[in-house]
Amino acid sequence: MSSIQASLRWILSNDPSAPNRASVARLLPASSSGEEENIAAIIDRIKDVDVKVREAALENVKNVNFFTEGEEGLAEDRRVEILRNGLTKR
């Protein structure tokens with residue numbers, strides 16, 4: 001399973017097709033328990049040049065608990081990164 005997720009993260013970061021990146025941003029599991037690499041890749045797509053990719057990334061991340069830190073939620077630096085990337089112009 002980890003090799004599949006690694007392949008999806010590669011597509012999310014390197015595929016020139018915005019619809020492909022948006023699809024992976026929706027499908028890649030963003031649960032905070034043990035999926036730190038997935039969360040980092042999805043948060044990185046919040047600053048994508050294509051609006052559909054940004055929307056898909058934000059839609060996926062909204063299911064993660066923002067208000068508790070640790071196993072159940074996002075670390076403070078990840079929350080700040082989401083806010084910072086979501087509020088800047090592309």
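See above for the structure.
Residues numbered from 1 in each chain as written. Predicted model: local features only at pLDDT ≥ 70, side-chain atom pairs only at ≥ 80, totals over all residues. Heavy atoms only, no water.

1. Observations regarding the nonpolar core
L12, I42, I43, V61, L74 and I82 are the most contacted members of the largest nonpolar core, which totals 19 residues. Elements supplying a minimum of two residues to this core: α2 (18–27), α3 (36–44) and α4 (51–61). The contacts of L12, once residues within four sequence positions are left out, are R21, V24, A25, L28, A41, I42 and R45. (Core = buried A, V, L, I, M, F, W, Y, C linked by side-chain atoms within 4.5 Å. Buried < 20%, exposed > 50% of the residue type's maximum accessible area, 1.4 Å probe, protein only. Helix = DSSP H or I, 4+ residues; strand = E, 2+ residues; numbered from the N terminus. Contact = heavy atoms within 4.5 Å.)

2. A word on the packing of helix α1 (residues 2–14) against α2
Following both chains from N to C, one finds α1 and α2 inclined at 140°, their axes separated by 8 Å at the closest point. In this view, α1 runs oblique relative to α2, as classed from their interaxial angle. In this structure, the crossing between α1 and α2 has a hand that is left-handed. Taking contact as the criterion, the partners of L8, I11 and L12 in α1 are, on α2, R21, V24 and A25. (Axes fitted to C-alpha atoms, helices over the stretch in contact; angles between N-to-C directions. Parallel < 35°, antiparallel > 145°, perpendicular 65-115°, else oblique. Left-handed = near helix turned anticlockwise from the far one by under 90°.)

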